[in-house]
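Chain by chain, the residues:
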Amino acid sequence: MGIALRMQTETHQRQRERRTPTAGMTWIPSGEFAMGSADFYPEERPVHAVAVDGFWIDTRQVTVAEYRRFVKQTGHITVAEQAPDPAAYPDAQPDLLVPGSLVFRKAASPVDLRDYATWWAYVPFFRARHQAGERDKACCAPRNPRVSADQASRVQAGDIPRRVIKGGSHLCAPNCCLRYRPAARQGEAVDTSTGHLGFRCVLRPAD
């Protein structure tokens, strides 16, 4: 009876924890830190002091299964599943203003690296899980329906909203980028896939 009672108590405790908003989260006390770095990228400068209030943060990154459950429960529609706003892509071909993705096409020979359209193609209604073959891979490229480097060069900085991403990604490497540092910060357009990043949820006491 003692073992059964203890197991029942532990089960009830886990159920209570799941109902607690901060279950699975770690408390970060308020404080001050030096934001940025003077040693790497311009957008990380200047190093400056920032004060933050205490907050809760997930102890680990959100898993794919957890995000899938969130989508099913809330009906959330990701940016990648929404049709691009024509006003944000004035040079786009009308038939490409549908949900889709830039898909990597392995080149048969060396190509002009100044034109990404030689190895990326915008594929309407592309779903990586069902359509990616050995030669076609969806990656961290934007779903931008522009199809030439010349057109892309005319994008104005304010056309597409941007958000700040911190730290590195699963694609970071010393021979590619140096974003895998705590101080790393960079802007990323909201229409760009972040499949190469992980994320954690934050809960502030005022929330």
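Note that the structure is predicted; figures quoted are calculated from it, not measured.

Student: Got a minute to help me understand the overall build of the protein in this structure?
Tutor: When helices and strands are counted, the protein shows four helices and 10 strands. In sequence order, the protein lays out its α and β elements as α-β-β-β-β-α-β-β-α-β-α-β-β-β. In the protein, which comprises 207 residues, the proportion classed as buried is 24%. Approximately 14500 Å² of the protein is accessible, and the part contributed by carbon and sulfur atoms is 57%.

Student: Looking at this structure, how should I read the environment of Val123?
Tutor: With respect to the secondary-structure elements, Val123 resides in strand β6 (residues 120-124). Overall, Val123 belongs to the buried group, its relative accessible area being 15%. Here the alpha-carbon distance between Val123 and Val98, two residues 25 residues apart in the chain, equals 9.4 Å. Those residues in contact with Val123 that lie beyond four places of it in its chain are Gly100, Ser101, Val103 and Arg105.

Student: Is there a simple way to think about the confidence of the model for the protein in this case?
Tutor: Predicted coordinates in areas of low pLDDT are best not read in detail. Taken as a whole, the protein shows an average pLDDT of 75; of its residues, 74% reach a score of 70 or greater. When pLDDT is averaged over each element of the protein, strand β3 (residues 48-52) comes out on top at 95 and helix α4 (residues 149-152) at the bottom at 36. Considering only residues more than four positions removed or in separate chains, one finds that residues 130-158, a stretch of pLDDT under 50, has 75 contacts.

Student: Please clarify how the sheet that holds strand β1 (residues 25-28) should be interpreted in this entry.
Tutor: Strand pairing within a sheet occurs via backbone hydrogen bonds; the two strands may be parallel or antiparallel. Taken in spatial order, the three strands line up as β1-β4-β10 in an open sheet, and their pairing is antiparallel. Two strands bound the open sheet, and with one partner strand each, they are β1 and β10 (202-203).

Student: Even after reading the chapter, I still don't get the layout of surface pockets, so can you show me in this structure?
Tutor: Once rolled over the atoms, a probe with the size of a water molecule shows which space is left empty. When its volume is computed, the second largest pocket comes out at roughly 360 Å³. In this structure, the second largest pocket is lined by 14 residues; those nearest its centre are Asp58, Arg60, Val62, Glu66 and Cys201. With five residues, the single largest contributor to the lining of the second largest pocket is helix α2 (residues 64-74). The residue inventory of the lining of the second largest pocket, partitioned by class, reads six nonpolar, four polar and four charged.

Student: Looking at this structure, how should I read the environment of Phe125?
Tutor: By the secondary structure assignment, Phe125 is in the loop between β6 and α3 (128-131). For the pair Phe125 and Ser101, spaced 24 residues apart in the sequence, the C-alpha separation amounts to 7.4 Å.

Student: Can you walk me through the environment of Tyr116 in this structure?
Tutor: Tracing the sequence through the fold places Tyr116 in the loop between β5 (100-105) and β6. Sequence-wise, Tyr116 and Phe104 are 12 residues apart; in three dimensions their C-alpha atoms are separated by 9.6 Å.

Student: Looking at this model, I keep getting lost on the packing of aromatic side chains. Mind explaining?
Tutor: Applying the stated criterion across every chain, the model contains four aromatic pairs. Ring geometry for Tyr67 versus Phe70: centroids 5.8 Å apart, planes at 40°, classification tilted. Here Phe70 and Tyr67 lie together in helix α2, a separation of three residues that amounts to about one turn. Taken together through their ring pairs, the aromatic side chains of Tyr67, Phe70 and Phe199 make up a single cluster.

Student: I would appreciate a short explanation of the side chain of Arg179 in the present structure.
Tutor: Tracing the backbone through its elements, the reader meets Arg179 in the loop between β8 (162-166) and β9 (185-189). Within polar-contact distance, the side chain of Arg179 engages the side chain of Glu43 at 2.6 Å. Here the side chain of Arg179 touches Arg185 through a polar contact of 3.3 Å, landing on its backbone oxygen. Not counting residues up to four positions away in its chain, the partners in contact with Arg179 are Tyr41, Glu43, Glu44, Gly167, Gly168, Cys172, Ala184, Arg185 and Gln186.

Student: How should I be thinking about the pattern of salt bridges in this particular structure?
Tutor: A side chain with one charge can pair with a side chain of the opposite charge if their charged atoms come near. Across all of its chains, the model carries five salt bridges by this definition. Measuring nitrogen to oxygen at the nearest pair gives 3.6 Å for the salt bridge that ties Glu44 to Arg179. With Glu44 in the loop between β2 (31-35) and β3 and Arg179 in the loop between β8 and β9, this residue pair connects regions lying 135 residues apart in the sequence. Accessibility assignment for this pair places Glu44 and Arg179 in one class, buried. One salt-bridge network, in which partners are shared between bridges, spans Glu43, Glu44, Arg179 and Arg181.

Conventions adopted
In this numbering scheme, every chain counts its residues from 1 along its sequence in written order. Residues qualify for local features only when their pLDDT is at least 70, as the model is predicted, and side-chain atom pairs are given and counted only at 80 or more; totals for whole chains, interfaces and linings, by contrast, use all residues. Heavy atoms from the whole structure form the basis of all side-chain values; hydrogens and water molecules are not counted. Comment: elements are numbered from the N terminus, with helices defined as DSSP H or I runs of at least four residues and strands as E runs of at least two. Burial classification: accessible surface area is computed with a 1.4 Å probe over protein chains only, and a residue below 20% of its type maximum counts as buried, one above 50% as exposed, and the rest as partly exposed. Note on areas: Shrake-Rupley with a 1.4 Å probe; residue coverage comes only from the protein chains shown. Contacts: residue pairs with any heavy atoms within 4.5 Å of one another. A score from 0 to 100, pLDDT tells how confident the predictor is in each residue. Here a strand pair is declared whenever DSSP counts at least two bridges between the two strands. Whether a set of points on the 1 Å grid over the protein atoms alone is a cavity depends on a 1.4 Å probe fitting there but being unable to get out, while an open set qualifies as a pocket with protein on both sides within 12 Å along at least five of seven lines; lining residues are those with an atom within 4 Å of a point. Grid points are joined across faces, edges and corners, and a volume is the space filled by probe spheres set on the points. Each residue is assigned to one of three groups, with Ala, Val, Leu, Ile, Met, Phe, Trp, Tyr, Cys and Pro labelled nonpolar, Asp, Glu, Lys and Arg labelled charged, and all others, Gly among them, labelled polar. Classification of ring pairs uses Phe, Tyr and Trp, with its six-membered ring standing for Trp, and accepts pairs whose centres are within 6.5 Å; under 30 degrees between planes counts as stacked, over 60 as edge-to-face, and the remaining range as tilted. Whenever two N or O atoms come within 3.5 Å, that pair is a polar contact, provided that in protein one can donate a hydrogen and the other can accept it, and provided that, for residues adjacent in sequence, both atoms are side-chain atoms. The term salt bridge refers to a side-chain nitrogen of Lys or Arg lying within 4 Å of a carboxyl oxygen of Asp or Glu.

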